[in-house]
Amino acid sequence: MYTSKTDPAFTSSSPGIPDHPNATTGTPPSTSGASSTASRSTSASAAPSTAAPATTGAEARCRTPPPPAERHEPGRCSDSGEVAMPRDMRTREGVPCPVYVVAERATHKVTEEICALVKMRAPKLAVIAVTASSSFVTPVLEELVQAHKKGSISFSNVVIFSFCEYYPMESNSLQSCQRLLREIFLDHVDVQKENVFFLDGSLPQSSIDGHTKQYEDTIARYGGIDLALIGLDGAGRIGLNEIGASVKTRTRLVYLDNKLRHGLAAHFFGFKNVPSQAITMGISSVARAKRVIAIAFSEGSASVVAKTVENVPSEGFAAAVLKSHPNTVLYVDLAAAAELTCFKCPWVITQTNSLVQINYTAEMICKAVVWLSLKIKKPILKLEDDDYRENSLTQLVDTHGPAHMLNLQVYRKLQNALTGWPGGRSSNPHSSFTGPQQHPTLTNELTNYDTAHVPRKRVIVFSPHPDDDVISMGGTLIRLCDQGHEVHTVYQTSGNIAVWDDDALRYASFVVDYTTTFGMPEEQVASAKAMLEALTQHVVSKSASTGWLDSPELLSVKGLIRRNEAIAAALYAGVLKQNIHFLDLPFYKTGTIKKNPITDQDVKIVKDLLEQVKPHQIFAAGDLSDPHGTHRMCLKSVLLAIDAVKDSDWFQNCQVWLYRGAWQEWEPENIDMAVPMSPKELFHKRLCIFKHQSQKDIPPFAGSDPREFWQRSEARNRSTAALFDSLGLSEYEAIESFKVYDPKAPSGFF
């Protein structure tokens, strides 16, 4: 990706993460080139020369070739998983921000740093403030527990201060930050009870001021905070501070804004159950800490990471304290770093810094040309040499130009991605499908495809929740069915917590009426009535003290609702009923938002299905911005299962596609297949989504986006079509996009 001319400290001998298989590869960096050159120079100067006349020092310098440039390919990382990058590429950043290929590597690095601090402070106390409410911090705490169980670290000299607590909130409530910190960390390590301090959400409001002052005094008595471990949310909040919290704020009672409360609705089983207030340590608490470690992962954090790291600090932006703090670090993964200039448009930096050059791969060229086209609002094929030179892309046009050749390269890449035949049209049904460019013929009709040359393929569409398949790739699913392929829809989880209680009771009441109306045996009628009564009593009795948890019976009813909605949608799309599968992966069966880790049992269930169907194509959800993490865990189960079968004979002719759409879309340079939809097909997709009635109007866990899922989906599909149109390609009503996944050259999701 980059060539560094002057940064000898920037070296890496570790193998990199391979670039996309269609991208141009480059020469890996060498840590021995400079020393070899120096050795040859020394030997040459030591030997007497008789072949050429002596030269002056100036002449010798003119004739001496420049030292070989160090190379840096996209995604190349060190052994620790940190993305290697010349220091000159980070000149716009005001906060140290190491970028790791995957979140797990960053989590491990944070764990190592905390352990090092604790050991260094021993036997003296190490005072640590923790934001247990952050999902980014939870994996760190879990890894610290594992380190303790292995005997690698003792926490007997650690003092813990919890950063925040919802108000009002009993300490044993399911959603309590205190309970969360105990269950995840404190109950499994040797932190002394007298060294643990929590903010108390159960106090009467009249006692809060005295409680928060005492909390601050206790921190001061221990000599202040040695380390603040915080998760940075998508709005730049620290702890539960308001978005515009002043750097002078201390521990206090605050009001939670509606956007945050909507984001918490899933954890509290409904927006109405989310407290409107919280007690939180202030921004000044972070500012006074001796060391601050902040963490932000996934695409949803990208904009706030860029704002925190690169923008001028703002009084109305809580995370700005990280830039002004003298000893802070923000750990991110590649997805969260996407909006940093050095990743989003690095040529802007290199244009003004001749010491660093970009090694333009095919993917990077596509990214740059699309960026230029959108920036100056000019179709790709109309871009000229001067357009490149006037917009920081002189190196690109000089080394890979002229402009019209670059334009054609990127235009054809995007054009070849467009296809109306997502299953292919090869004459050999078992041939290796290498890309949509083999079947560019398009159609805007819903039916009557010319399928004479379409081999019948077995296709698996994995859906994390029961509605992700039709929301994210419903148009493509319909196409695959209409074009005669054997399509299997595979629902990985039940999605049973995302159903309103009223809907569950309504269906239970229907069962009572059904059994009564059609003269079912009396014992069946009595059983149905008893179940309805039990469910009703449970719903009425749910409260904050019980964590708003559903009973197993209520979860079963909700699971049946979602299962039958998924069946209805799949059938409407054209999937045969015998090809509809429900895996009910064990990791999901907690009844709460927090799920268990993926285990071998989850992977085996997916693997067994793959070996049963032996698909030619696999579609899986690649939109990892799902705020609840289920998509990420479901994708992990699929990719681990694929890794286990990738050497099988049948898999050699299998292609894996990753789809997005429920929470985000693929960037243009990452689109390998784009399936257009006509207005009629888009409406057909909408009707499939409508089959999921429990998710209509106001879904239980909609996140901060007020739109319904079908509206979000159509907006994203239309936006992708508008993007292709603005770049000068064909105009369509909507487009679903996909990225190919190569199991033999993984992209580093995990």
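These numbers come from a predicted model, not from an experiment. (Residues numbered from 1 in each chain as written. Predicted model: local features only at pLDDT ≥ 70, side-chain atom pairs only at ≥ 80, totals over all residues. Heavy atoms only, no water.)

**Q** Any details on the overall build of the protein chain? Residues and values, ideally.
**A** Broken down by element type, the protein chain carries 24 helices and 20 strands. Among the 750 residues that make up the protein chain, the fraction classed as buried is 55%. Nonlocal contacts in the protein chain, meaning residues at least 24 apart in sequence, comprise 78% of its contacts between residues at least 6 apart. (Helix = DSSP H or I, 4+ residues; strand = E, 2+ residues; numbered from the N terminus. Buried < 20%, exposed > 50% of the residue type's maximum accessible area, 1.4 Å probe, protein only. Contact = heavy atoms within 4.5 Å.)

**Q** Describe the packing of helix α18 (residues 501–517) against helix α20 (residues 552–573), and please don't skip the residues or the numbers.
**A** Between α18 and α20, whose axes approach to 10 Å, the crossing angle comes to 85°. What the angle tells us is that α18 and α20 run roughly perpendicular. Residues Asp-501, Asp-503, Ala-504 and Tyr-507 of α18 form the contact with α20, whose participating residues are Leu-554, Val-557, Lys-558 and Ile-561. Along the lines of polarity and charge, the residues of the contact of α18 with α20 split into five nonpolar, no polar and three charged. (Axes fitted to C-alpha atoms, helices over the stretch in contact; angles between N-to-C directions. Parallel < 35°, antiparallel > 145°, perpendicular 65-115°, else oblique. Nonpolar A, V, L, I, M, F, W, Y, C, P; charged D, E, K, R; others polar.)

**Q** If you had to explain the confidence of the model for the protein chain to someone new, which residues and values would you point to?
**A** One rule of thumb: low pLDDT means the predicted coordinates there are not for detailed reading. Across the protein chain, the average pLDDT comes to 83, with 81% of residues at or above 70. This stretch, residues 2–74, has a pLDDT under 50; its non-local contacts, to residues over four places away or in other chains, come to 106 contacts. Of the regions scoring below 50 in pLDDT, residues 427–448 engages in 51 contacts with residues more than four places distant in sequence or in other chains. (pLDDT = per-residue confidence, 0-100.)

**Q** Give me unusual backbone geometry: which residues, what numbers.
**A** With omega at 5°, the peptide bond leading from Ala-122 into Pro-123 counts as cis. The backbone of Ser-298 sits at a positive phi, close to 80°, despite the residue not being glycine. Relative to the assigned elements, Ser-298 resides in the loop between β11 (292–296) and α9 (302–310). Here the phi dihedral of Lys-614 falls at roughly 50°; this positive angle occurs in a residue that is not glycine. Checked against the element boundaries, Lys-614 lands in the loop between α21 (600–613) and β17 (617–621). Overall, Lys-614 belongs to the partly exposed group, its relative accessible area being 35%.

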